[in-house]
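The chain contents come next:
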Amino acid sequence: MPSARLSVVVTRRLPEPVERRMQELFDVRLRESDTRMTREELAEAVATADVLVPTITDRIDAGLIAQAGEKLKLIANYGAGVDHIDVHTARQRGILVSNTPGVLTDDTADMTMALILAVLRRIPEGLAVMQSGEWHGWSPTALLGGRVAGRRLGILGMGRIGQAVARRAAAFGMQIHYHNRHRLREETEEELGARYWESLDQMVARMDVMSINCPHTPSTFHLMNARRLKLMKPDAVIVNTSRGEVIDENALTRMLRAGEIAGAGLDVFEHGTEINPRLRELKNVVLLPHMGSATNEGRMEMGEKVLLNIKTFDDGHRPPDQVVPSML
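Note that this is a predicted model, so its numbers are computed, not measured.

K.L.:
Give me the lowdown on the overall build of the protein chain, citing residues and values where you can.
P.N.:
A count of helices and strands for the protein chain gives 13 helices and 12 strands. For 328 residues, the compact-globule estimate of 2.2 N^0.38 gives 20 Å, and the C-alpha radius of gyration of the protein chain, at 22 Å, lies within 12% of that figure. Looking at the protein chain residue by residue over its 328 residues, the buried ones come to 51%. In the protein chain, the proportion of contacts linking residues at least 24 apart, taken out of those at least 6 apart, comes to 60%. In the structure as shown, the protein chain presents an accessible area of about 16300 Å², 51% of it carried by carbon and sulfur atoms.

What follows is the structure, given as structure tokens:
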């Protein structure tokens, strides 16, 4: 009974097994090309579908939600972050929002450690030398980086990913410090060997490495602003696998160019794909194209969560990963 099935619109190409399963379960409209939908295409989708499956590249704001038809009852986001969705407006319109938490924790934490190692040990510079054919053999003073063990790591945001980063960094011999909206339980701090800082300013001023692992919310926008970045030690580095909006990218660029911060590893950027061109020129900066969650396993598990959320909703129950404003 195809006519009785939920009408689902998917805004981007997903792993083939996920798309195939969606076709089996729902009346689904898949994206033919792996490009973002235009604003007009998104408007048409929300006006006609029962369920929208967007990604981080789709801005589902109040204006778009206002164009939703009476049918739209669920926005099943393919991704954990929902800062691109106006959850408050959706709730007012009686539209549920779900996401895919938990499945990307290890992948993102792995990438955080990869960036820390890449920046401190100057791995991209070494790759560039090898690819240019200019390597003439080992030298006692060539491409000297910094030892990871013993360095103080300050984690901004100690949720699932922040804690996973702490466990990995501790295995490398780093000292774990953190700032979070809420302090962890004492037993969790003991397990992680982590010291809590109530003052973010005081923590930032004392760290060798800062790792950004908090979500983007109104309260975290430019949390690492120019004033706070200036508190960092000149030989400190910063890495970000969370959301680009948490760091004032222009201020960071200026300070990196001036040598006021030793280096940065960035997987996300304040303005999406519009990266400050001066960042690209810096040898002490490692830039990645939002690869933190890019594993086959992670993408499949994200799809499975989307399917479960939609199927549970279709069965008349609350999606297991429903997002409500109080969670933001």
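K.L.:
Please provide a residue-by-residue account of the pattern of salt bridges, values included.
P.N.:
Following the criterion strictly, the structure yields 22 salt bridges and no others. R29 is the salt-bridge partner of E44, the closest N and O atoms lying 2.8 Å from each other. Linking E44 in helix α2 (residues 39-48) with R29 in strand β2 (residues 27-29), this pair joins segments that are 15 residues apart in sequence. Judged by its relative accessible area of 38%, E44 falls in the partly exposed class. Linking R39 and D61 is a salt bridge whose minimum nitrogen-to-oxygen distance equals 2.8 Å. Linking R39 in helix α2 with D61 in the loop between β3 (51-53) and α3 (62-65), this pair joins segments that are 22 residues apart in sequence. Classification of R39 as partly exposed rests on a relative accessible area of 35%. One network of salt bridges, in which partners are shared, links D106, D110 and R168.

K.L.:
Please give an account of the packing of aromatic side chains that cites residues and values.
P.N.:
Taken as a whole and assessed by the stated rule, the structure comprises one aromatic pair. Here the basic side chain of R195 rests over the ring of W197, its NZ or CZ set 4.0 Å away from the ring centre.

K.L.:
Describe the pairing of strand β1 (residues 7-10), with residues and values.
P.N.:
With burial as the criterion, each face of β1 is covered, one bearing S7 and V9 and the other bearing V8 and V10. When β1 meets β2, the two strands line up parallel, connected through three bridges. Bridged to S7 within β2 is D27. A crossover links β1 with its parallel partner β2, the connecting element being helix α1 (residues 16-25), and its sense is right-handed. In the sheet, β1 pairs with β3 via three bridges, with the strands oriented parallel. Within the sheet, the bridge partner assigned to V10 lies in β3 and is V53.

Parameters and conventions
- Residues numbered from 1 in each chain as written.
- Predicted model: local features only at pLDDT ≥ 70, side-chain atom pairs only at ≥ 80, totals over all residues.
- Heavy atoms only, no water.
- Helix = DSSP H or I, 4+ residues; strand = E, 2+ residues; numbered from the N terminus.
- Rg over C-alpha atoms; globule rule 2.2 N^0.38 Å.
- Buried < 20%, exposed > 50% of the residue type's maximum accessible area, 1.4 Å probe, protein only.
- Contact = heavy atoms within 4.5 Å.
- Areas by Shrake-Rupley, 256 points an atom, 1.4 Å probe, with all protein chains shown as cover.
- Salt bridge = Lys/Arg side-chain N within 4 Å of Asp/Glu carboxyl O.
- Phe/Tyr/Trp six-rings, centres within 6.5 Å; stacked < 30°, edge-to-face > 60°.
- Lys NZ or Arg CZ within 6 Å of the ring centre and 35° of its normal.
- Pairing = 2+ DSSP bridges.
- Right-handed = clockwise from strand over helix to strand, strands pointing away.

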